[in-house]
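A look at the structure
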Amino acid sequence: MYRESTTSMGALKRITDEYFGKLLRKEDWLVLLPRKEEDIDIIDDYDLLNKCLSEDMSGYLRRILQEVVSLDFTFGGYTSLADVLNSLNVKVHICEGIKEYNSSDKYEFVEKAKKHWEQEFFDRPDLLNSMLERITKENAWINSARIRGRYLPEENVIELYPEEMMEEAGMRRGRIDYLILTTLVHETMHAYFDRPDHSMFPYAYFVEEPMAEFGMLLFFKETSQEACDYQSLRQWAYDDVKGKSSCYRYGVSLFDQYCDWNKSLRSYLEAYKYGISEFGMLDIDIDEKHVALPYPICEKDITEYHKSYDSKHPSMVTINKVENEIKGLGFDINRGKIMDSLWEQIEHRYKEKEPTDEELTNIMIWLGINFKDDFNMVECEFINQLKYIFKNYGFWDFHKFGLTFWAAFPEKDCESLYNHEGLIKVLSDKNHGHSEFYLKEGETIESAVKAIASEYFPWRIKEDKIVPITEKE
């Protein structure tokens, strides 16, 4: 029996449009529920948000853009992305056509970046070659990429290019709504980075683009929605960033590190932009699984740092990661005066709040690296003072911190504690103390200390044995 269609669209057309992302089944439309919808200024003079979709989806993209930016998102003093855009008076323009990413200014930037790092690493060809290889790969991507959207700081405008996204969705059998939503959030991060008191800092392409992707992924993680398709959007956004061949993909690395262990990265994201070189780049390990942000330019000269780099020491990623995290907490990490001022800073920071295990651990890692021969100073000026801020906790309530101190400055009598029943019980208890770190099944205190020493303090390991500080290294 013939049944009349409930829409004006034929079945084959609908199937085809759904397949190539031009049309969504109504049950797949995102329906979000912001607590209070805040209108942002979306200028679509050519009605492109409707024209690039089926007539059945008229108004859908504009509505979903408004709903997404209105979701509650506490970030850097703002309450939502709409709050960011409206407070900064940023308008969203929906633009015609498809634009190539490459431009004369990008070409000039790439050439200047090469010269910059050639000067920085003129006596370190191993590091220079790695930098130049990354820049060359980035340049190849720039020459082949097209623009989904962009933030123009001088005009205070975000431009979105739905025709490019429509074509991209068709080629990838993707979803236009996912593309336009993730692009708007990414570009809003750039607008946030350019807020008052930060706009004077340079746009550091190799750092800011991954940071904007990290911010976008964080936004979709923290704006919890029960809609099944919203979960699909989160995964799509993650996979999209991860699959990019440009430096943008490191946004996933930052996001993963934040989710897995490095909660301080959120503070860095909220604090960005800060005073780094426009040619600054992330430190990246060989497997590209871990990245570290460059810390703000201060008295420490990066050239001298790399000259003194020794393969026996932890990687640049490790050192920069720890220094970044301490900087993010507001500590001055200049080695020459740290022991004169560190305690004063700690007392001030933790006057009203308890330190976390991770915060104390990062400080200890830095001390263990930079004061490896000054155990007495670390013990007297730092360890013995901690009781004054341990208001409700004892030393071993901070599991990872205690083990890191052990690994950084092992004493001869430490071995007697390896089989301490009470300590083993404490360190194995997930609910004990003020820590998220605990010994896993089959893991011993000795193995945990060795693992930390191997990662951060390799000079404390010899022939798989911990070398006490009282013995020659």
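This is a predicted model, so every value here is computed, not measured.

1. Here we look at the packing of aromatic side chains
Per the stated rule, a full pass over the model turns up 34 aromatic pairs. Their ring planes at 85° and their centres at 5.4 Å tell us that Phe395 and Trp396 sit as a pair that is edge-to-face. Given the relative accessible area of 25%, Phe395 is considered partly exposed. Judged by its relative accessible area of 23%, Trp396 is partly exposed. Between Trp406 and Tyr418 the ring centres are 5.4 Å apart and the planes differ by 5°, which places this aromatic pair in the stacked class. Pair noted here: Trp406 is in helix 18 (residues 399-408) and Tyr418 is in the loop between helix 18 and helix 19 (421-428), with a separation of twelve residues, a long-range link. On the basis of relative accessible area, Tyr418 is assigned to the buried category, the value being 11%. Pairwise contacts between aromatic rings join Phe73, Phe75, Tyr78, Tyr192, Phe193, Phe219, Phe220, Tyr230, Tyr268, Tyr272 and Tyr274 into one cluster. Above the plane of the ring of Tyr258 lies Lys263, whose end atom (NZ or CZ) is 4.7 Å from the centre. Lys372 extends its terminal NZ or CZ atom over the ring of Trp459, reaching a point 4.5 Å from the ring centre.

2. A look at unusual backbone geometry
The omega torsion of the bond from Tyr272 to Lys273 falls at 5°, within 30 degrees of zero and hence cis. One can find Lys273 in the loop between helix 12 (265-271) and strand 5 (283-284). Even without glycine at this site, Asn156 takes up a positive phi of about 60°. Here Asn156 is to be found in the loop between strand 3 (149-152) and strand 4 (157-160).

3. What to know about the pairing of strand 2 (residues 91-94)
Burial along strand 2 is one-sided: the residues Val92 and Ile94 are buried and none of Lys91 and His93 is. Summarising the sheet, strand 2 and strand 4 pair through four bridges and their orientation is parallel. Within strand 4, the position partnered with Ile94 by the bridge is Leu160.

4. Focus: helix 16 (residues 357-370)
In this model helix 16 runs 20 Å from its N-terminal to its C-terminal C-alpha over 14 residues, within 8% of the 20 Å that 1.5 Å per residue would give. Across the 14 residues of helix 16, 13 count as buried, placing the element largely inside the fold.

5. Concerning the sheet that holds strand 1 (residues 42-43)
Pairing in this open sheet of four strands is mixed, and the strands run 1-2-4-3 from one edge to the other. The sheet is open, and its two borders are formed by strand 1 and strand 3, each paired with just one other strand.

6. A few points about the environment of Glu111
With respect to the helices, strands and loops of the structure, Glu111 is situated in helix 5 (residues 104-120). The partly exposed category is assigned to Glu111, whose relative accessible area is 27%. For the pair Glu111 and Asn139, spaced 28 residues apart in sequence, the C-alpha separation works out to 9.5 Å.

7. Structural notes on the packing of helix 9 (residues 205-222) against helix 11 (residues 250-260)
Following both chains from N to C, one finds helix 9 and helix 11 inclined at 50°, their axes separated by 7 Å at the closest point. Comparing the axis directions of helix 9 and helix 11 gives the class oblique. For the pair helix 9 and helix 11, the crossing hand works out as right-handed. Residues Pro210, Met211, Glu213, Phe214, Leu217, Leu218, Lys221 and Glu222 of helix 9 pack against Tyr250, Gly251, Val252, Leu254, Phe255, Tyr258 and Cys259 of helix 11. When grouped by side-chain class, the residues that make up the contact of helix 9 with helix 11 number eleven nonpolar, one polar and three charged.

8. Observations concerning the packing of helix 9 against helix 10 (residues 228-242)
Their axes nearest at 10 Å, the elements helix 9 and helix 10 cross at an angle of 165°. On the basis of their axis angle, the class for helix 9 and helix 10 is roughly antiparallel. Considering the relative orientation of helix 9 and helix 10, their crossing is left-handed. Where helix 9 approaches helix 10, its residues Glu213, Met216, Leu217, Phe219, Phe220 and Lys221 are matched on the opposing element by Tyr230, Leu233, Arg234, Ala237, Tyr238 and Val241. Within the contact of helix 9 with helix 10, the residues separate by chemical class into nine nonpolar, no polar and three charged.

9. What to know about the side chain of Asp397
Along the chain, the position of Asp397 falls in the loop between helix 17 (375-381) and helix 18. Of the side chains with opposite charge, Lys425 lies nearest to the buried Asp397, which makes no salt bridge, at 13 Å. Beyond its immediate sequence surroundings of up to four residues, Asp397 is in contact with His432, Gly433, His434 and Ser435.

10. Some remarks on helix 18
Of all the ten residues making up helix 18, ten are buried; the element is thus mostly covered by neighbouring parts of the structure. Where helix 18 is concerned, the buried positions are His399, Lys400, Phe401, Gly402, Leu403, Thr404, Phe405, Trp406, Ala407 and Ala408. For helix 18, the secondary structure elements touched by its buried residues are helix 16, helix 17, helix 19 and helix 20 (445-456).

11. Examining the pairing of strand 3
As paired elements, strand 3 and strand 4 share four bridges and run antiparallel to each other. Opposite Gly149, over in strand 4, you have Leu160 as the bridge partner. Between the antiparallel neighbours strand 3 and strand 4 lie four residues, among them Asn156 with a positive phi of about 60°.

What counts, and where the lines are drawn
Residues numbered from 1 in each chain as written. Predicted model: local features only at pLDDT ≥ 70, side-chain atom pairs only at ≥ 80, totals over all residues. Heavy atoms only, no water. Phe/Tyr/Trp six-rings, centres within 6.5 Å; stacked < 30°, edge-to-face > 60°. Buried < 20%, exposed > 50% of the residue type's maximum accessible area, 1.4 Å probe, protein only. Helix = DSSP H or I, 4+ residues; strand = E, 2+ residues; numbered from the N terminus. Lys NZ or Arg CZ within 6 Å of the ring centre and 35° of its normal. Pairing = 2+ DSSP bridges. Expected span 1.5 Å × (residues − 1). Axes fitted to C-alpha atoms, helices over the stretch in contact; angles between N-to-C directions. Parallel < 35°, antiparallel > 145°, perpendicular 65-115°, else oblique. Left-handed = near helix turned anticlockwise from the far one by under 90°. Contact = heavy atoms within 4.5 Å. Nonpolar A, V, L, I, M, F, W, Y, C, P; charged D, E, K, R; others polar. Lys, Arg positive; Asp, Glu negative; His and termini not counted. Salt bridge = Lys/Arg side-chain N within 4 Å of Asp/Glu carboxyl O.

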